[in-house]
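# Tertiary structure, described
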Amino acid sequence: MENQRTLYNDLDSILYTREQLQEAVSALGARITRDYAGKKPVLVCILKGASVFFCDLIRQIDLPLELEFMAVSSYGASTKSSGEVKLVKDLDRSILGRDVIIVEDIVDSGMTLNFLKKSLISRGAASLRIAALMDKPARRVAPLTVDYSCFEIPDAFVVGYGLDYNELYRNLPDVGILSPRIYAGEE
Ligand code: 5GP
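A quick note: this is a predicted structure, and the numbers were derived from the prediction, not measured. (Residues numbered from 1 in each chain as written. Predicted model: local features only at pLDDT ≥ 70, side-chain atom pairs only at ≥ 80, totals over all residues. Heavy atoms only, no water.)

## A closer look at the packing of aromatic side chains
Put simply, the test is: Pairing of aromatic rings covers Phe, Tyr and Trp, the last through its six-membered ring, and needs centres within 6.5 Å; plane angles under 30 degrees mean stacked, over 60 mean edge-to-face, and all others mean tilted. Secondary structure is summarised from DSSP: a helix means a run of H or I of at least four residues, a strand means a run of E of at least two, and numbering begins at the N terminus for each. Note on exposure labels: buried denotes an accessible area under 20% of the residue type's maximum, exposed denotes more than 50%, and partly exposed covers the range between, all computed with a 1.4 Å probe on protein chains only.
Per the stated rule, a full pass over the model turns up five aromatic pairs. Residues phenylalanine 157 and tyrosine 183 carry aromatic rings whose centres are separated by 6.1 Å and whose planes lie at 70° to one another, so their mutual orientation is edge-to-face. Remark: tyrosine 183 occurs in helix H5 (residues 180-183) and phenylalanine 157 occurs in the loop between strand E7 (148-152) and strand E8 (158-159); sequence separation between them is 26 residues. On the accessibility criterion, phenylalanine 157 (14% relative accessible area) is buried. Aromatic ring contacts, followed pair by pair, group Phe157, Tyr165 and Tyr183 into a single cluster.

Okay, here's the thing in C-alpha cells:
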C-alpha cells in the first residue's frame, strides 16, 4: 500500500478505476464469446503492456482457446514512439488456418499493430482481429481498424494496469494519466 501511494503521487488523475476496467473487460469477453461461438481462437498477448488486460480478458471468454505471446519494442524509456517496430519475441506455434485475436494494451500511431497484423496474416491465419484496451484514434498515423476496444481515450500518456513508463507503474490496478513532470526533460 505504501508503494502504491507513492506511485499514485506521480499521476495527474485516474482515468479508469479498477471497477470500470473490470466492467469493460467483462463486457468485451462476453462479446468475443458470442462472436467466436463454435470456434477455438488463438489469443496473442503483446508483451509486456497487454499482460494484465490479457489475463483478465481470457478469464471472461467462455470458449476453448489457446494462448500465445509476442513482444515488440518501439518505445524504450520514452513517451514517444521511435516509429521503428522490432520483433523481440515470436510465437511458439503455427497459426496457419487459425482464428487469431491480437490483444494489445493501447493503439496510438497504429504502427505496432500494422506491423503485427501484416506479420500474422502472412503466416496464414484464417482470420485476424484486434482487441485493444484503449484506443487513441486522434493519434493514428498508419491506417488500422481496431475490431474491439474498451475505451477511446484522449491524447495523454497513461500508465497502470500493465502500461508502463520506463518499466514502472505496470502494477497500478487503475489506469491514470502520468504527470508530465515525471517525463519532463525527456529528449
Ligand atoms: P503505436 O505503434 O500504436 O504508436 O504504439 C503502441 C504502443 O505504444 C503500445 O503498445 C504501448 O506500448 C505504447 N503506448 C502508446 N501510448 C501509450 C501511453 O499512453 N502509455 C503507455 N504506457 N504506453 C503507450
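## Notes on the sheet that holds strand E1 (residues 11-16)
Note the cut-off: DSSP calls a pair of strands paired once it identifies at least 2 bridges connecting them.
One open sheet accounts for three strands, arranged E1-E9-E8; its pairing is antiparallel. Bordering the open sheet on either side are E1 and E8, each of which pairs with just one other strand. One ladder, built from two bridges, connects E8 with strand E9 (residues 175-178); its direction is antiparallel. When the bridges of E9 are listed, valine 158 appears paired with isoleucine 177.

## Re the sheet that holds strand E4 (residues 86-89)
Note the following rule: The axes are straight lines fitted to the C-alpha atoms, using for helices just the contacting stretch, and the angles between their N-to-C directions are given from 0 to 180°. Pairs of residues are marked as contacts when any of their non-hydrogen atoms sit within 4.5 Å.
If you trace the six strands from one edge of the open sheet to the other, you get E4-E3-E2-E5-E6-E7, paired in mixed fashion. If you trace the sheet from one side to the other, it starts and ends with E4 and E7, each paired once. For this sheet, the mean angle separating the axes of adjacent strands, direction not counted, is 30°. Where strand E2 (residues 42-47) lies against strand E3 (residues 66-73), six bridges are found, and the strand directions are parallel. Bridge pairing in E3 places valine 44 opposite glutamate 68. Contacts between helix H3 (residues 51-58) and the sheet are confined to E2, E3, strand E5 (99-107), strand E6 (127-135) and E7, with E2 contributing the most and set at about 160° to the helix. Strands E2, E3, E4, E5 and E6 of the sheet are contacted by helix H4 (residues 111-121), whose axis makes an angle of about 170° with E5.

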